[in-house]
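# Breakdown of the fold
Here is what each chain is made of, one letter per residue.
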Amino acid sequence: MSSTRHRNKKTASAENISRKSNTPATLFFFFLTAFIFLLWGSWLLPVTDPVESNYALTAKEMVLSGDWMSPQIYGTYWYDKPIMVYWLLSISYTLLGFTDLASRLPAVFCGALSVMLLIWYMIRIKKDNIIATWSGAMLGLSLEFWVISHAIITDSMLLLFTIPTMLSGYIGVMERNKKHFVIAYAAAGLACLSKGPVGLVLPGALLLFWCISMKSGKMALRLFPWQGILAFFLVVLPWYGGMYIIHGSDFVTQFLGLHNVVRATSSEHPEDNHWYYYLVLLPAALLPWTFTSFYEMVKGWKEKIPFYKFLMVWCWGTILFYTLMATKYVTYTYIATVPAIILAALSAPKIREGEKWPSVTAAIGFFLFLVIALAGSFYIKEGSWWVLYVVIAYAIFALLIRWKKNSGRRLTIMAAVTASVFLCLMMEGLPHYLPRRSAVATAPEIYERKGEHYFFRSYPAGYTFYTGEIATRLVPPPVNEENRNPLWNEKYVMPSISDQEFMEKYQNQATPIFLFVSKSDEKYFNLWFFKHRFMPVQQFINGTIYIMTLEEDVPDSFKEAKEKIQDEMEKDRENGTLPPKPDPSKN
């Protein structure tokens, strides 16, 4: 009897706290805490290649050109992604300059706002302060969320707008609340401005399938209020309609055709096209809360309440959707982490009360996360990792040696240690690792060498971002190329030249010619026929700068082979497979 009274008092207290936690001041506290945590050390992270630098450079050109409507890179319009990421980066660059911190700030902001929104929605739906707070905390302290909330990509924005799309959609259906339908559709419009049509198509399909799983046609019909549809078009039409008016069929063909339809039907990365791809990624993405989430998935299967069904459809429907798509990419299923984390947070009260299996599953994921962090410290040897080792030692003491005595504090200890590990990785790990994938060190060294600058095979947009110079990509003949659709080659808009055209152009060069070969392209460079014309002048952790040598410095055996190549080039010109030889008199 006393136990029942205690539970009733606890429930009433939780509901009272929930009402207080819904205040703007409390929500702002959650946002500020998440923002400071995610922001800390972001200024140490350079812009990386090949993905982040494309977004950073496009936004930089947007600021410099003053054209905030049409994304362009290397002075050429391109339609890889919608406008949201470029707008946020451009605002950040306008305020803070073209710095690494400014490049990271939009993702940090979106991550912190996502944490705050999730807490608000969970208070609204579950009426439980503990579950709501731990939903936000677990999201902020999950591996993939922490990584992407520092990344210069579109996924942090997509997640931010998918949260209200899905959760307001749920509230709208369950409560027949048209205001929340308007919020859901408007948020879907912002998601479409962040990632493309998938911002509406996928959430819409998930919500519809959930309604069907509830065996209620009336619920499904509620998904299409005219007010919500109107809100969606009011959000998306100014940019999408404006782009069509300005660029016409080029925008439709490139953006909708290449970057959406072709992406769904033809794999950009065939080597990653495995049916189990996302089944491996999801458990890693949820660390350290992986097994807590799976425990609640299994436990909730018996009752299958509407909110549980909704979360399961959201999580596994997203996994299925992208598994069926031809192109696989590590961040595509990012939005599936939110429902999985909410399920994990349902265990928070049980872990705090010392229940056995929720605590054990949480501890398994937590210590697996620590093992991975420890392995990372051995891989990135440049960092000073003693703080990390102290933190791990404390975790072993607090959660293994004192497991029973800390039964009521286990979850708090796990969260504090996880946050400490992430901060150690931010301060000692990533600043040493990311320069291997960035042009931040090599760009000024190449730029300061007087002459013409080329990049072999791959082109780091980070070079142009850090120096302002547009160099040229030297394209060798394909060697064991991936078996992928040649339409994907239309993605590359940087200035390029074939190796045969390059050698014809510089038979008798008057100025120094510098060629940068990245570490990942060394194997192709070593197989390249013309590599003997280049001598290394400076080596970096991520590649080597070469200088082109004079003809007389080339071995005789190579000169004979070159004559054969030139004869073949003349035949190709006669056949029309190569452009005519440039006329020197016109220069």
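Predicted model, so just to flag it, every value in this text is computed and none were measured.

Rules used throughout
- Residues numbered from 1 in each chain as written.
- Predicted model: local features only at pLDDT ≥ 70, side-chain atom pairs only at ≥ 80, totals over all residues.
- Heavy atoms only, no water.
- Helix = DSSP H or I, 4+ residues; strand = E, 2+ residues; numbered from the N terminus.
- Contact = heavy atoms within 4.5 Å.
- Areas by Shrake-Rupley, 256 points an atom, 1.4 Å probe, with all protein chains shown as cover.
- Phe/Tyr/Trp six-rings, centres within 6.5 Å; stacked < 30°, edge-to-face > 60°.
- Buried < 20%, exposed > 50% of the residue type's maximum accessible area, 1.4 Å probe, protein only.
- Lys NZ or Arg CZ within 6 Å of the ring centre and 35° of its normal.
- Salt bridge = Lys/Arg side-chain N within 4 Å of Asp/Glu carboxyl O.
- Expected span 1.5 Å × (residues − 1).
- Patch = residues over 30% accessible without salt bridge, like charges linked within 9 Å, V, L, I, M, F, W, Y side chains within 5 Å.
- Pairing = 2+ DSSP bridges.
- Axes fitted to C-alpha atoms, helices over the stretch in contact; angles between N-to-C directions.
- Parallel < 35°, antiparallel > 145°, perpendicular 65-115°, else oblique.
- Nonpolar A, V, L, I, M, F, W, Y, C, P; charged D, E, K, R; others polar.

If you tally the helices and strands in the protein chain, you get 26 helices and eight strands. In the protein chain, once contacts between residues fewer than 6 apart in sequence are set aside, the share between residues at least 24 apart is 75%. In the structure as shown, the protein chain presents an accessible area of about 27300 Å², 64% of it carried by carbon and sulfur atoms.

Centre-to-centre distance and the angle between the planes together describe a pair of aromatic rings. Using the criterion set out here, one finds 49 aromatic pairs in the structure. Their ring planes at 40 degrees and their centres at 4.6 Å tell us that Phe 525 and Tyr 546 sit as a pair that is tilted. Of this pair, Phe 525 sits in helix H25 (residues 522-527) while Tyr 546 sits in strand E8 (residues 543-548), and the two are 21 residues apart along the sequence. Here the two residues Phe 525 and Tyr 546 agree in accessibility, since each one is buried. The ring of Phe 98 carries Lys 60 above its face, with NZ or CZ at 5.3 Å from the centroid. Lying over the aromatic face of Tyr 379, Arg 436 brings its terminal NZ or CZ to 5.5 Å of the ring centre.

Take the pattern of salt bridges next. Scanning all chains against the criterion turns up seven salt bridges. For the salt bridge of Asp 80 with Lys 81, the shortest nitrogen-to-oxygen distance reads 3.5 Å. Across the pair, exposure class does not vary: Asp 80 and Lys 81 are buried alike. A salt bridge links Glu 296 to Lys 350, with the shortest nitrogen-to-oxygen separation between them at 2.9 Å. Of this pair, Glu 296 sits in helix H15 (residues 290-299) while Lys 350 sits in helix H18 (residues 348-352); the two residues are 54 residues apart in sequence, bridging distant segments of the chain. With relative accessibility at 5%, the residue Glu 296 sits in the buried group.

What follows deals with helix H16 (residues 306-324). Its 19 residues give H16 an end-to-end C-alpha distance of 26 Å, which sits within 8% of 27 Å, the value for a rise of 1.5 Å per residue. Among all positions in H16, only Phe 307, Tyr 308, Phe 310, Leu 311, Met 312, Val 313, Trp 314, Cys 315, Gly 317, Thr 318, Ile 319 and Tyr 322 are buried. Check the buried side of H16 and you find it contacts helix H5 (100-126), helix H8 (155-175), helix H10 (198-213), helix H14 (277-286), H15 and helix H17 (337-345).

Take a nonpolar patch on the surface next. On the surface, Leu 208, Ile 212, Phe 224, Ile 229, Phe 233 and Leu 237 cluster together into a nonpolar patch covering about 540 Å² of accessible area. Looking at the nonpolar patch, the elements with two or more residues in it are H10 and helix H12 (226-247). For the nonpolar patch, the leading source of residues is H12, giving three residues. By secondary structure assignment, the location of Phe 224 is in the loop between helix H11 (217-221) and H12.

Now for the sheet that holds E8. Strand order in the open sheet formed by six strands is E5-E4-E3-E6-E8-E7, and the pairing between neighbours is mixed. Of all the strands in the sheet, just strand E5 (496-498) and strand E7 (534-540) have a single pairing partner and so form its edges. Strand-to-strand twist across the sheet, computed as the mean angle between neighbouring axes with direction ignored, equals 30 degrees. Pairing between strand E3 (residues 452-456) and strand E6 (residues 513-518): four bridges, direction parallel. Within E6, the position partnered with His 453 by the bridge is Phe 514.

Quick look at the packing of H15 against H17 now. Helices that pack against each other are described as a pair by the angle of their axes relative to one another and the distance between those axes. Contact pair H15 / H17: the axes reach a minimum separation of 7 Å and the direction vectors enclose 80 degrees. Viewed along their axes, H15 and H17 adopt a mutual orientation that is roughly perpendicular. Residues Thr 292, Ser 293, Glu 296 and Met 297 of H15 form the contact with H17, whose own contacting residues are Ala 340, Leu 343 and Ala 344. Of the residues contributing to the contact of H15 with H17, the split by class is four nonpolar, two polar and one charged.

All right, on to the pairing of E6 then. For E6, the tally of buried residues reaches six of six residues, placing the bulk of the element in the interior. What you see with E6 is no split at all: Ile 513, Leu 515 and Val 517 on one side and Phe 514, Phe 516 and Ser 518 on the other are buried throughout.

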